[in-house]
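Working through the structure, step by step
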Amino acid sequence: MKTKILLSAALATGLASAVTGQEIVLGMGHTDYSHHGARDGVLIALEYTHTPFYEGRIFSTRLAGTIEVVETGDAFLGVGVSGTWTLQNSWFIEASVLPGAYVEAIQLNELGSTFEIRSQIAVGKRFNNGKGLSLGLSHKSNASTGYVNPGVNAVTLRWHIPLG
C-alpha cells in the first residue's frame, strides 16, 4: 500500500511540474475519521493554486485543486477556491473550499457519498526565496447530502513552491 502511495505522489508531482500557474503545495499529515472503527492513516497531498483572479492589499483569491491519498487507499480529488490573507513579517493565513470526489478503499472509511467538500484553514510563513511552510487543518464532509455524514479531519504540514 505504501508503494502505491509513493508512486501516486511521484506521478502527481511529475504531472504538476508541467502545469504553469501560481503555486504547488506538497503536504503530508494524518487523518482522523469520525466514524467509529474507521482506520486513520498518513495523508499525502498535492495542491495546485492558480494565479489570483482577485488581488487586494492583503487578500487574494484564486482557483485551486487538490489530490489527496491516505495510506489506507482512500483518495480525494477536489477543485474550488482558495483565499490568502497576507500578514506582517511574511506570515499568511490561507482558507479553501474544494468540492470533489472521494473514494474509500475500506468500507469503514466511507463518508456517506462520493461527493465531499474539503474545507481547510492553514497558517504559514513565507521565506525570502518565495517558498513557504504552513500547517493546515482540514475537514471533509458531504454537508449532509449523503445518507450519513461522518466526516474526516486532517492535520497537514505543507510546503509551498511558487511556479514560474
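Refer to the preceding data block for the structure.
The notes below deal with the structure included here.

Things to note about the nonpolar core
In summary, soluble globular proteins display a tendency toward joint burial of nonpolar side chains. Among the nonpolar cores identified, the biggest contains nine residues, and these are Tyr33, Ala38, Leu43, Val70, Phe76, Tyr102, Leu111, Val152 and Ala154. With near-sequence residues (within four places) excluded, leucine 111 lies in contact with Tyr33, Tyr102, Glu116, Lys140, Asn142, Val148, Asn149, Pro150, Gly151 and Val152.

Focus on the pattern of salt bridges
Close approach of charged atoms allows side chains with opposite charge to pair. Within the structure shown, the criterion is met by six salt bridges. With a closest N to O distance of 3.3 Å, glutamate 47 and arginine 158 form a salt bridge. With glutamate 47 in strand β2 (residues 42–49) and arginine 158 in strand β9 (residues 152–162), the pair connects residues that are 111 residues apart, well separated along the chain. The residues glutamate 47 and arginine 158 share a single accessibility class, namely buried. For the salt bridge of lysine 140 with glutamate 68, the shortest nitrogen-to-oxygen distance reads 2.6 Å.

A closer look at the packing of aromatic side chains
Each aromatic ring pair is summarised here by two numbers: the centre-to-centre distance and the angle between the ring planes. Summed over all chains, the structure comprises three aromatic pairs. Consider the rings of tyrosine 54 and phenylalanine 59, whose centres lie 6.4 Å apart with planes at 45 degrees: the pair is tilted. Overall, tyrosine 54 belongs to the partly exposed group, its relative accessible area being 44%. Both rings, one in phenylalanine 127 and one in tryptophan 159, keep their centres 6.1 Å apart while their planes meet at 35 degrees; by these two values the pair is tilted. Placement of the pair is phenylalanine 127 in the loop between β7 (115–126) and β8 (132–141) and tryptophan 159 in strand β9, with a sequence separation of 32 residues. The ring of phenylalanine 92 is capped by arginine 126, whose NZ or CZ atom sits 5.0 Å from the centre of that ring. Of note, lysine 140 hangs over the ring of phenylalanine 76, and the distance from its end group to the ring centre comes to 5.4 Å.

Looking at unusual backbone geometry
One non-glycine residue, asparagine 89, lies in the positive phi region at around 60 degrees. Within the secondary structure, asparagine 89 is located in the loop between β5 (75–86) and β6 (91–103). Taking the relative accessible area as the measure of exposure, asparagine 89 reaches 59% and is therefore exposed. Here serine 90, not a glycine, exhibits a phi torsion of approximately 70 degrees, which is positive. As for its placement among the helices and strands, serine 90 is situated in the loop between β5 and β6.

Definitions and limits used
Residue indices begin from 1 for each chain and proceed along its sequence in written order. Under the rules for a predicted model, residues below a pLDDT of 70 receive no local features and side-chain atom pairs below 80 are neither given nor counted, while totals for whole chains, interfaces and linings still include all residues. For side-chain calculations, the full set of non-hydrogen atoms in the structure is used, while hydrogens and water are omitted. Note on terminology: a nonpolar core comprises buried Ala, Val, Leu, Ile, Met, Phe, Trp, Tyr and Cys residues joined through side-chain atoms within 4.5 Å. In this scheme, a residue with accessible area under 20% of its type's maximum is buried, one over 50% is exposed, and one in between is partly exposed, where area comes from a 1.4 Å probe on protein chains only. Contact between two residues is taken to exist if any of their heavy atoms lie within 4.5 Å; hydrogens are not considered. Each salt bridge in this description consists of a side-chain nitrogen of Lys or Arg and a carboxyl oxygen of Asp or Glu lying within 4 Å of one another. Put simply, DSSP marks the helices as runs of H or I at least four residues long and the strands as runs of E at least two long, and each gets a number from the N terminus on. Any Phe, Tyr or Trp ring, taking Trp's six-membered ring, that has another such ring centre within 6.5 Å forms a pair; planes under 30 degrees apart are called stacked, those over 60 apart edge-to-face, and the others tilted. Geometrically, a lysine NZ or arginine CZ counts as sitting over a ring once it is within 6 Å of the ring centre and also within 35 degrees of the ring normal.

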